[in-house]
Amino acid sequence: MPLRNTPIQRKLMLIILATSVVVMLLMRGAFFTYEYFTFRQATLRQLSTLGEIIAANSTAALAFANQDDAKEILSALKAERHIVAAALYDRKGGLFAQYPDRLASGTIPAVPGAEGYRFSNASLAGFQPVVQKGSQLGTLYLRLETGIIMREWIWGSVQIALAVMAVILCVAYLLSRSLQKQISAPILRLAETARAISERHDYSVRAVRPGDDELGRLTDAFNQMLGEIQTLNQELEQRVVERTAQLAAANKELEAFSYSVSHDLRAPLRHIDGFAGLLVKSDGAVVSERGRGFLTHIADSAKQMGVLIDDLLAFSKMGRSEMKIGPVDLHQLVAEAIQSMQMETQQRAIQWRTGDLPPVQGDRAMLRQVFVNLIANAVKYTRPRDPAVIEIGCQNGSTDEVAVFVRDNGVGFDMNYAGNLFGVFQRLHRAEEFEGTGIGLANVRRIVSRHGGRTWAESQPGAGATFYFSLPKSRKPKHENAQTHPLG
Amino acid sequence: MAILATRLRFLDGGRTWLAVILAWGVFAPVAPAQTAATGEYELKAVFLFNFARFVEWPAAAFPGPEAPLVIGVLGDDPFGPLLDEIVRGEKIGSHPLLVRRYRRIEEIGDCHILFIGAAAAGWLGRLPESTAGRSILTVSDADSRAVRGVMIRFLTAKNKIKLRINLEAAKAASLTFSSKLLRPAEIVPDGES
């Protein structure tokens, strides 16, 4: 796991532990260096002390040319196992005695060198004069193997360093575990609060202030922002409620207006139709043959306008009537809709295909109207096709809504105008080709949106069209109060 | 700490070693001296000179701080010029070295080391009385039966020169022998030397 994705607690602990290890290593290194030089000095001092003792004891042996005695003195060096070679030279510089008895040639210099001990690779060796009463009787040579001592010392140091490091790591771990909470706990609390807020959208929650440090200020800023969000949210909701009420009021007025207009238009229209009819039926003296033709046109137009007004009234009623929600069997609705169109379809060759349709919750009468409108559309626009194919089914895929479609192989439409399809009085075909008022699809949209669903369509000119409507699976009531209440 | 342990071990070794050395100083066996290729008398001459380094004379033995330390040879001199060559220019402390030869025992005056060669063994009988009360280190290589009261004897055995020391005689003459001198020597009671 990369460090930036590690939890903050572990990050803090890692930082503390890494710092202590580095500091410890640096200290250990410095101490080691110091010890190394101290150790060398001590070794040098000890060897020259030992040399002094040997030299002092060798004076008589050298003075009285007693090699055996000299050898015995040197052989006592075996008590110090790191001394690998020793030798005594007489006054004239000749080798007088050596230790140990057998030595590889070249181990001991043939003639004494300059006084003093020097470190060379892995050993400390040197010469020391043997003096009695101020005059030199000979020279002592000593060679100390420092390699082994050094190795033992280094190994000892490493062991101690490891032990100390283990102890320090344990202590640092325990300390960091409790100390890191000073920093991580407030951050974690803040993070937890933020998470709870984003999950529950409850902006009234406030984070607890840990103290007066940066985290305290961060918490303050966080709480302040929460306060602002809460205020803004409340204001927004308030505004939405106000606007919705305004819109509903305007809508109500508009609907009342259009209802009364439609209603009031019907009476004069009936008169126009009625009197035009009477005029047509009257004898020839009153109206000429040509005039009779005009009058027939007037009567037809008045009738058409009557149909329009009826549809408008139905549309407006659809928006105002109360919904009766219950389980609806869509299969039955489809069957009823097809049945209602028998007059239209009995002269036609139409292949009906109905797929699986799930049961839904909704207003049965309204949904029936949806199917009637969509199927009527399909029947209408497939008139040039023989046979016409009309398919009703359900599209799978979405989990939270049921999408039902009505597909035909009719004349279709240009997708550029798809946005206008569901508007009132919006028609994509001329009335001479396909009759209609342009209210059917508007009605469909209105019903479906009152159910909380959507409507859309797909088509290619000449290749048929598919109309979709969806219904939510768990139906949430929308802002309907403006529409469900009857007009005042 | 590791370094401390090593140091202690090191010192320990030194101490053991020192103990061994000291033990030898007290119980040293007769160590055979060696005659090198050099002549026997050259070696003996060097030894005579070296005795001056391992023996302390009482202050009264010297008339002044710069008075010479005299090595005397009684009777016929077996060393020839060897002894003079060895001591030439040498000093023990502030005392220069001087060689004197005595033909008769009565001639011995200020003398610190007296060598009585085998040829002068005849004088040995009179030696104790003539050196009594004087701090003279007497050295001889004469035959043992004739020697009495001589402090150091050279014994030649197996081509090596050994030292035999009569400490009581030395003590009687107020001479202090360095313990180091005793290391390579054999110590005998008075009358046996």
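Before reading on, note that the structure itself is shown above.
Reference entry: report on the structure contained in this document.

1. Quick word on the packing of aromatic side chains
Thinking step 1. This model, assessed by the stated rule, comprises 19 aromatic pairs over all chains.
Thinking step 2. Centroid distance Phe39 of chain A to Trp153 of chain A: 5.1 Å. Interplanar angle 5°. Geometry classified as stacked. Within this pair, whereas Phe39 of chain A is found in helix H1 (residues 8–63), its partner Trp153 of chain A is found in helix H3 (residues 146–200), the two being separated by 114 residues in sequence. For the residue pair Phe39 of chain A and Trp153 of chain A, the accessibility class agrees, reading buried in each case.
Thinking step 3. Their ring planes at 55° and their centres at 6.0 Å tell us that Phe47 of chain B and Phe154 of chain B sit as a pair that is tilted. Here Phe47 of chain B is found in helix H2 (residues 40–54), whereas its partner Phe154 of chain B is found in strand E7 (residues 152–157), with 107 residues between them in sequence. Just as Phe47 of chain B is buried, Phe154 of chain B falls in that class too.
Thinking step 4. Here the aromatic cluster, defined as three or more aromatic residues joined through ring pairs, consists of Phe64 of chain A together with Tyr41, Phe47, Phe51, Phe54, Phe79, Phe115 and Phe154 of chain B.
Thinking step 5. For Arg40 of chain A, the ring lying beneath its charged end belongs to Phe119 of chain A, and the centroid distance is 3.9 Å.

2. Structural notes on the environment of Lys91 of chain B
All names here are of chain B.
Thinking step 1. With respect to the helices and strands, Lys91 occurs in strand E3 (residues 91–92).
Thinking step 2. Along the chain, Lys91 and Arg53 lie 38 residues apart, while their C-alpha atoms are 9.7 Å from each other.
Thinking step 3. The contact partners of Lys91, leaving out residues within four places of it in the chain, are Pro96 and Leu97.

3. Quick notes on the sheet that holds strand E4 (residues 95–102) of chain B
Remark on secondary structure: sheet strands pair via backbone hydrogen bonds, oriented parallel or antiparallel.
Residues and elements named next belong to chain B.
Thinking step 1. Strand order in this open sheet of eight strands is E3-E4-E2-E5-E6-E7-E8-E10, and the pairing throughout is mixed. Every other strand in the sheet has two partners, leaving E3 and strand E10 (185–188) as the edge strands with one partner each.
Thinking step 2. Relative to strand E8 (residues 160–166), E7 runs antiparallel, the two being bridged by six bridges. Within E8, the position partnered with Ala157 by the bridge is Lys160.

4. A word on the sheet that holds strand E11 (residues 455–459) of chain A
Residue and element names in this part refer to chain A.
Thinking step 1. The strand order E7-E9-E10-E12-E11 describes an open sheet built from five strands, whose pairing is mixed. Only two strands of the sheet have a single partner each, and these edge strands are strand E7 (350–354) and E11. Across the sheet, the axes of successive neighbouring strands diverge by a mean angle of 15°, strand direction being ignored.
Thinking step 2. For E11 and strand E12 (residues 465–472), the ladder comprises five bridges, and the chain directions are antiparallel. Bridging from a neighbouring strand, Ala457 pairs with Phe467 of E12.

Parameters and conventions
- Note that residues are indexed from 1 along each chain, following the sequence as it is written.
- Numbering of ligands from 1 and lettering of chains from A proceed in the order in which they are written.
- In view of the model being predicted, local features appear only for residues whose pLDDT reaches at least 70, and side-chain atom pairs are presented and counted only at 80 or more, with totals across whole chains, interfaces and linings using the full set of residues.
- Heavy atoms from the whole structure form the basis of all side-chain values; hydrogens and water molecules are not counted.
- The criterion for an aromatic pair is that two Phe, Tyr or Trp rings (for Trp, the six-membered ring) have centres within 6.5 Å, with stacked assigned to planes under 30 degrees apart, edge-to-face to planes over 60 apart and tilted to the rest.
- Secondary structure elements are taken from DSSP: a helix is a run of H or I of four residues or more, a strand is a run of E of two residues or more, and numbering for both begins at the N terminus.
- Exposure categories follow from relative accessible area, calculated using a 1.4 Å probe and restricted to protein chains: below 20% of the type maximum is buried, above 50% is exposed, and the middle band is partly exposed.
- Counted as over-ring charges are cases with an Arg CZ or a Lys NZ within 6 Å of the ring centre that also lie within 35 degrees of the ring normal.
- Two residues form a contact once any of their heavy atoms are found within 4.5 Å.
- Whether two strands pair depends on DSSP finding at least two bridges between them.
- What counts as an axis is a line fitted to C-alpha atoms, over the stretch in contact for a helix, and the angles between N-to-C directions run from 0 to 180 degrees.

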